[in-house]
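# Structural description and commentary
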Amino acid sequence: MLKESRWIFMDDKMVPWQEANVHVLTHSLHYGMAVFEGIRAYKGTDGTHIFRLAEHTERLLSSARVMQMGGDFTLKGVMDATSRVVVENGLDSCYIRPIIFIGYGDMGIYAKKNPVRLSIAAWEWGTYLGEEGLSRGIRAKVSSYTRFGTNTFLARAKVSAHYVNSQLAKWEVKGAGYDEAILLDSDGMVAEGPGENIFIVRKGVLKTPPLRSVLDGITRHSVMTLAREEGIPVVEEALTRDDLYLADEAFFTGTAAELTPIREIDDRSIGSGKPGPVTQTLQKIFFDIVRGNVSRHSEWRTTVVPRLV
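Everything numeric here is computed off the predicted structure, so don't read it as measured data. (Residues numbered from 1 in each chain as written. Predicted model: local features only at pLDDT ≥ 70, side-chain atom pairs only at ≥ 80, totals over all residues. Heavy atoms only, no water.)

Turning our eyes to something else, we now look at the packing of aromatic side chains. The final tally for this structure, using the stated rule, is 10 aromatic pairs. On the basis of an interplanar angle of 85 degrees and a centroid distance of 5.9 Å, the ring pair of Phe51 and Trp300 is categorised as edge-to-face. Remark: Trp300 occurs in the loop between α8 (277-290) and β17 (301-304) and Phe51 occurs in strand β5 (residues 47-51); sequence separation between them is 249 residues. Classification of Phe51 as buried rests on a relative accessible area of 5%. For Trp300, a relative accessible area of 4% corresponds to the buried category. Between Phe148 and Phe153, the ring centres sit 5.0 Å apart and the planes meet at 75 degrees, which makes this aromatic pair edge-to-face. Taking the relative accessible area as the measure of exposure, Phe148 reaches 8% and is therefore buried. Aromatic ring contacts, followed pair by pair, group Phe51, Phe286, Phe287 and Trp300 into a single cluster. (Phe/Tyr/Trp six-rings, centres within 6.5 Å; stacked < 30°, edge-to-face > 60°. Helix = DSSP H or I, 4+ residues; strand = E, 2+ residues; numbered from the N terminus. Buried < 20%, exposed > 50% of the residue type's maximum accessible area, 1.4 Å probe, protein only.)

The next thing to look at is the environment of Val164. By the secondary structure assignment, Val164 is in helix α5 (residues 163-175). Val164 sits in the partly exposed class, given a relative accessible area of 47%. C-alpha of Val164 to C-alpha of Gly137: the two residues are 27 residues apart in sequence and 26 Å apart in space.

Turning our eyes to something else, we now look at the nonpolar core. Core analysis: the largest hydrophobic core is formed by 29 residues, its most contacted members being Val35, Ile50, Ile96, Ile100 and Ile120. Contributing elements (two or more residues each) for this core: β4 (39-44), α2 (53-66), α3 (75-88), β6 (94-102) and β7 (116-123). Counting residues per element, this core draws most heavily on α3, at six residues. Among all residues touching Val35, those that are not within four sequence positions of it are Leu60, Ser63, Ala64, Met67, Met69, Pro98, Ile99, Ile100, Lys158, Val159 and Ser160. Judged by nonpolar contacts, the second largest core, of 22 residues, contains Phe199, Met224, Leu282 and Phe287. (Core = buried A, V, L, I, M, F, W, Y, C linked by side-chain atoms within 4.5 Å. Contact = heavy atoms within 4.5 Å.)

This paragraph deals with the packing of helix α6 (residues 218-229) against α8. The interhelical angle for the contact between α6 and α8, taken along N-to-C directions, is 115 degrees, at an axis separation of 10 Å. In this view, α6 runs roughly perpendicular relative to α8, as classed from their interaxial angle. Note that α6 runs across α8; the crossing there is right-handed. Seen from α6, the contacting residues are Thr219, Val223, Leu226 and Ala227; seen from α8, they are Leu282, Ile285, Phe286 and Ile289. (Axes fitted to C-alpha atoms, helices over the stretch in contact; angles between N-to-C directions. Parallel < 35°, antiparallel > 145°, perpendicular 65-115°, else oblique. Left-handed = near helix turned anticlockwise from the far one by under 90°.)

Quick look at α8 now. With 14 residues, α8 extends 20 Å between its outermost C-alpha atoms, agreeing within 8% with the 20 Å of an ideal straight helix rising 1.5 Å per residue. Of all 14 residues that make up α8, 10 are buried, and the element is covered over most of its length. Of the positions making up α8, those classed as buried are Val278, Thr279, Leu282, Gln283, Ile285, Phe286, Phe287, Asp288, Ile289 and Val290. The positive-phi residue at the C-terminal boundary of α8 is Gly292, with phi of around 75 degrees. (Expected span 1.5 Å × (residues − 1).)

So, about the packing of α2 against α3. It is at 10 Å that the axes of α2 and α3 come closest, and there the two elements cross at 125 degrees. With respect to their mutual orientation, α2 and α3 come out oblique. Along this stretch, α2 crosses α3, giving a crossing that reads as right-handed. Residues Leu53, Ala54, Thr57, Glu58, Leu60 and Leu61 of α2 form the contact with α3, whose own contacting residues are Leu75, Val78, Met79, Thr82 and Ser83. In terms of residue class, the contact of α2 with α3 is made up of seven nonpolar, three polar and one charged. (Nonpolar A, V, L, I, M, F, W, Y, C, P; charged D, E, K, R; others polar.)

Applying the stated rule across the entire model yields 22 salt bridges. We note a salt bridge from Asp248 to Arg202, for which the minimum N-O separation is 4.0 Å. Separated by 46 residues along the polypeptide, Asp248 in the loop between α7 (241-245) and β14 (249-254) and Arg202 in strand β11 (residues 197-202) bring together distant segments of the chain. Arg202 sits in the partly exposed class, given a relative accessible area of 30%. (Salt bridge = Lys/Arg side-chain N within 4 Å of Asp/Glu carboxyl O.)

And the structure:
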């Protein structure tokens, strides 16, 4: 269950959590046309650091543009509202969920006159795949469900409807006793997790699928940047299922998953069956940066001071 906060931003004002409601005939509830983001804020010694707020907000607005959803939202306006949600809820570490959706009005597939609305919520939420997963790694399984193709949906947009595909894959592997799914694309190549990008390490090289049918993850970009700065070779290339099995290391990245090692795929141990040195190095650097423990990449952090509530 969600741990309720006090306020949710709705359109242009803060609304009490229990009153942030929409009509049951809200268009996006029926047709899935909504775009959203997942953002994290981390507690630091000098305040709370929202990780890559500008990049997440830019992607939210870009997703809306790709999906031809109108609205007069501005980058600064949405960023300011996001910071306000964290501050006024007194949250020093939290997950943030902005969503742009089509509101109540006409029904049917074409409802261009309906209002386009914005909501931003934030709440305390721990590690998505578990604290033990962060330290020991998780068990993953390749799903029988295929990641949608580039001409089926628009993969660069983070759209609510896309995640029906993800839910089917997640439910399938969880029901079989695994922690997370891996989806292949329509050509049988490795795509991503239900809500994460995937990386492997093979002979010292960090590899990840190219941006063909996967989301352009912000944590993905961050990890690739850090790896290159550490002198770790990084390549984007098509990966087969057996590339996963032969990997020395593997991990997921994402706002919710952060940087979670994968110790097993399809009942095959990855490397030694424990998080490897490249994974551990990148994981430590990542958490030091997001928490503001180091000055490195300070431009990735928007620092706010939560109010006491």
